[in-house]
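# Summary of structural features
Here is what each chain is made of, one letter per residue.
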Amino acid sequence: MARNEEKAQSMLNRFIALKAEEKKKPKERRPFLASECRDLAEADKWRQQIMREIGRKVAEIQNEGLGEHRLRDLNDEINKLIREKSHWERRIVELGGPNYAKHAPKMTDLEGNIVDVPNPSGRGPGYRYFGAAKKLPGVRELFEKPPELRKRKTRYDIYKRIDASYYGYRDDEDGVLERVEGPAEEKMRAEALEEWRRVEEVRREAKKAVKSGEVVSVVKEVLFEGMEEEVEEEEKRKREKLEKEEMEREGRREFVVHVPLPDDKEIERMVLEKKKIELLSKYVSDGLLEEQTEAKAMLNIQR
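Please read all numbers here as calculations on a predicted model, not as lab measurements. (Residues numbered from 1 in each chain as written. Predicted model: local features only at pLDDT ≥ 70, side-chain atom pairs only at ≥ 80, totals over all residues. Heavy atoms only, no water.)

This next bit is on the side chain of Glu84. Mapping Glu84 onto the fold places it in helix α4 (residues 68–94). In this structure, Glu84 is in contact with Arg30 and Ile50, ignoring residues within four places of it in sequence. (Helix = DSSP H or I, 4+ residues; strand = E, 2+ residues; numbered from the N terminus. Contact = heavy atoms within 4.5 Å.)

What follows is the structure in structure tokens.
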């Protein structure tokens, strides 16, 4: 049995292939100018052909091992085809076809973010980089974003954000401060009211005592509540002071005092009298003190 190569070289097969080529139309060449095309279907066909060529070259430029020069040449060829494609798209719109440029893909950087296409001339789609061409020296810097410089805030910018809330004038509007301070305010009011009532009760008892002549006993019972602890502390301090003085006298020559000195009971009486005067001046009015003095004079009370 004859091989395939021998079959292809046979006279009959060559005659059939020659007849098939004669029946084919001559291979058409894409027009150099898009404005020369008058048919919408033809213009769409040439655009599709350019798209296929762009796809092949974009697939080829993904290979980083082609070298810098080959990558730059491929990138230039792709950009040339893109410019030609834009001419055909404008021609299709002129012939009444769809606007393909409206939904054209955007250019992205190495991280996939959409970036603006550099186009100094302001005409056409601009120069793009594809595949491994984005990593070429001098191209990578185009896709790097410059670091953001933090602008120093001026005094005007600082005071622009300051309002009444900054100074605490609107703290009561949210209701939080009222819920927190409400119980504390009620407690303070109750304590202040209780203290006022106690002082009023002391004043009433003092007035009654002055009128009935029992001022001394009433003062001792009402005004000097809790005085025992203060008296004990005062006595303790006095004893410590006296012991310290005695220890100093033992180490020195005995000093003879020619004036009478008060004893412990006299000192205690003087301290109580002083405390009583302070409490009376604090809780008793001037008019009440005058009535008390008159009552003492009438009762012949010396203390």
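Looking now at the nonpolar core. Ranked by size, the top nonpolar core spans 20 residues in total, and within it Ile54, Ile61, Ile78 and Trp88 carry the most contacts. Breaking this core down by element, the ones donating at least two residues are α3 (40–60) and α4. Of the residues forming this core, the biggest block, 7 residues, is contributed by α4. When sequence neighbours within four positions are dropped, the list of residues in contact with Ile78 reads Ile54, Lys57, Val58, Ile61 and Phe130. (Core = buried A, V, L, I, M, F, W, Y, C linked by side-chain atoms within 4.5 Å. Buried < 20%, exposed > 50% of the residue type's maximum accessible area, 1.4 Å probe, protein only.)

So, about the packing of aromatic side chains. Scanning the model with the defined rule gives 1 aromatic pair in all. Ring centres of Tyr166 and Tyr167 lie 5.2 Å apart, and the angle between their planes is 90°; on these two criteria the pair is classed as edge-to-face. (Phe/Tyr/Trp six-rings, centres within 6.5 Å; stacked < 30°, edge-to-face > 60°.)

Summed over all chains, the structure comprises 17 salt bridges. Among the ionic pairs, Glu53 bridges to Arg30, the shortest N-O distance being 3.4 Å. Taken as a pair, Glu53 in helix α3 and Arg30 in the loop between α2 (11–23) and α3 lie far apart in primary sequence, 23 residues in all. Between Arg70 and Glu60 there is a salt bridge, with its nearest N and O atoms 3.2 Å apart. Placement of the pair is Arg70 in helix α4 and Glu60 in helix α3, with a sequence separation of 10 residues. Judged by its relative accessible area of 33%, Glu60 is partly exposed. Residues joined by salt bridges that share partners form a network here, namely Arg30, Glu53 and Glu84. (Salt bridge = Lys/Arg side-chain N within 4 Å of Asp/Glu carboxyl O.)

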